[in-house]
Amino acid sequence: MDELTAVRRLREHIPAMTPEAEEAARTRLLAAVRDKPGLAAAWDKPRPARPRLRWRLAVAAALAVLVGTGIVVTRGRPDIAPVAGVRELGERAARAAERGPSPIAHPDQWYYVKELQASPARGGYGYARDLHRREIFEQWISVDGKRVAWEQGSGGLLIQGTHPGIGAAELAREPVTPETVLDRIRQALADVPEQAEFSEDQRLFQAIYQLMGEQMLPPEVRSALFRALPTIPGVTVTHDVPDADGRRGIAFSRADGWARYDLILDPSDYSFLGTYGVAVSDRTFHPVNVGPVHVKAGTPLTWSARLDIQIVDKAGERP
Amino acid sequence: MSAVEATDLDDAELISRSRDDPEQFAELFDRHARQIHRYAARRLGTQAADDIVAETFLTAFRRRDSYDPAHKLARPWLYGIATTLIARHRRDEERFLRALERTGIDPLPAPMADEVVERVAAQGQERRLAGALARLSKKERDVLLLIAWADLSYEEAAQALGIPVGTVRSRLHRARRTIRTTMGEGSRWTS
């Protein structure tokens, strides 16, 4: 045996890195990754903010909350074995969803949704978010999924049509399968004005996380959606994604040419935690009466944590 | 435009993308953390290695803008960072090796139980080897262990340490000669 072989044999049987140590090191890395916002967007001369559908904020009623960077432990225990791929995540989440509660909401009622969101970045024109500032955001979504309401600073309520404009009742019509739920969402999207920056599959993915975040879907619909997600091309798994409240989850992710979005789920029961989105390439937008608006790759687009969802009788009512 | 799965990208492309989308850097951790741990653990033990792995990737993340994309694999770069971090614990490393030489008991975590019989037989040679390693210069030991434990090639070791390949060869040559000399009397080493 030569000396190099002898050295190779020395301490050959050293124990491998434990899963806990690996998790801890990965967490430290992600904390550093998240602390650094992507490249700041380079804005043109200042213009008034243009509110966009879905990312419009409740003005003045919003409460600015400064959240520290401490990591918050998710409720429950994480699943024992790590998820290998997106199909497995879909299957596990579907099974957990099947055991979930069956909310009973009257068609005239509304869902009250309270979220913690990363605040819009100054000068961001409604596109960019500031990962270091959070605010409470409340909205009401009609149970039929067609309308959304926000409080205005003046105390009035703004109600308008929302995207994708479909509710639990339509999604839960028999038969409920991964294919039928996707078809129904596609049909609903066909009626919504197109957003040129998103491909059809990306809009489908976004519609799914929006539905999961804003409505209380019955178990069979949620599980069908979880099984449907892996069938959408480009949907992958991302591990250890924090929501805006620091709760760490597992995410379905999808990136297209312009942006990547994460649908973040609690790893113990696959309940909805929040969403995260980031631009992955440079893009220029031309909103009406404003701009051009240049959004650079790395700009955070959205970051949320759902704090509460309840059924209420009227828009504007709090539980 | 279809999404490219992170697993299809080589290390250089991944690091490049992570400049603008920092999230992607986590994939580099998934690819290399365990290997870095094994190397660090063999030099300093598993607990110290846990920290060194974390610090290695944090450092790498901070330096990702300056990564040379000509290097398709990030291993040499990562091992280089880890080796610098390990160097801070040089006295501990040498102390552990000398303890193994003196007592025959490795202060690093014990090997598997079913290896005990084989280890008893190898005690003498292993102890002398540990002593030889302890007495190498830091530079020789780094080169030797990057090649023997991290399985780097001469070129990769050169990249990791930021030295010419010729220097890698000469340091390895000196290290091997020192070990041969130390193992000299009554040993079965061949040159």
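In case you missed it, the structure is sitting above this.
Residues numbered from 1 in each chain as written. Chains lettered and ligands numbered in written order. Predicted model: local features only at pLDDT ≥ 70, side-chain atom pairs only at ≥ 80, totals over all residues. Heavy atoms only, no water.

**Points about the interface of chain B and chain A**
In many analyses, interface size is given as the accessible surface area lost on bringing the parts together. We apply this condition: Only heavy atoms enter the contact rule, under which two residues are in contact if any of them lie within 4.5 Å. Note on definitions: salt bridges are taken to be side-chain nitrogens of Lys or Arg within 4 Å of carboxyl oxygens of Asp or Glu. Any pair of N or O atoms that falls within 3.5 Å is considered a polar contact. Within protein, one atom must be able to donate a hydrogen and the other to accept it, and sequence-neighbouring residues count only if both atoms are side-chain atoms. Here a strand is any run of E in DSSP of at least two residues, a helix any run of H or I of at least four, and the numbering for each starts at the N terminus.
Listed per partner, the contact involves 52 residues of chain B and 39 residues of chain A. Remark: the boundary between chain B and chain A carries eleven salt bridges. Joining chain B to chain A, the criterion identifies 16 residue pairs in polar contact (both at pLDDT 80 or more). The element contributing the most residues to the side of chain B that touches chain A is helix H2 (residues 25-44) of chain B, with eleven residues.

**Notes on H2(B)**
All names here are of chain B. Stated formally: Here the bend at a residue means the angle between the axes of two seven-residue stretches, the one that ends at it and the one that starts at it. Working definition: with a 1.4 Å probe on protein chains only, accessible area under 20% of the residue-type maximum means buried, over 50% means exposed, and in between means partly exposed.
Along H2, the sharpest kink reaches roughly 50°, centred on His32. Counting buried positions over the 20 residues of H2 gives 15, a clear majority of the element. The first or second residue beyond H2 is Gly45, which carries a positive phi of 95°.

**Overview of the side chain of A:Glu135**
Residues and elements named next belong to chain A. Formally: Positive: Lys, Arg. Negative: Asp, Glu. His and the chain ends are not part of the count.
Here Glu135 shows up in strand E3 (residues 129-142). Of the side chains with opposite charge, Arg133 comes closest to the buried, unpaired Glu135, at an N-O distance of 4.6 Å. Among the polar contacts listed, one links the side chain of Glu135 to the side chain of Ser119, at a separation of 2.7 Å.

**Observations concerning the packing of helix H5 (residues 178-190) of chain A against helix H6 (residues 200-214) of chain A**
Residues and elements named next belong to chain A. What counts, and what does not: Axis geometry follows a simple rule: fit a line to the C-alpha atoms, using only the stretch in contact for helices, then measure angles between N-to-C directions, giving values from 0 to 180 degrees. Orientation is classified from the angle alone, with under 35 degrees giving roughly parallel, over 145 giving roughly antiparallel, 65 to 115 giving roughly perpendicular, and any other angle giving oblique. Gly falls in the polar group here, along with every residue not listed as nonpolar (Ala, Val, Leu, Ile, Met, Phe, Trp, Tyr, Cys, Pro) or charged (Asp, Glu, Lys, Arg).
It is at 10 Å that the axes of H5 and H6 come closest, and there the two elements cross at 105°. Between H5 and H6, the interaxial angle falls into the category roughly perpendicular. For the pair H5 and H6, contact is made by Leu182, Ile185, Arg186 and Leu189 and by Glu200, Arg203, Leu204, Ala207, Ile208 and Leu211, respectively. A breakdown of the residues in the contact of H5 with H6 according to their chemical character gives seven nonpolar, no polar and three charged.

**Side note on helix H8 (residues 154-161) of chain B**
Residues and elements named next belong to chain B. For clarity, the threshold we go by: As used here, the arc is the angular range of directions from the helix axis to the C-beta atoms.
Within H8, burial applies to Ala157, Ala158 and Ala160. The buried residues of H8 all sit within an arc of 160° when viewed along its axis, so they share a single face. In this fold, the buried residues of H8 make contact with helix H4 (75-87), helix H7 (138-148) and helix H9 (165-183). Directly beyond the C-terminal end of H8, a positive phi value near 70° is found at Gly162.

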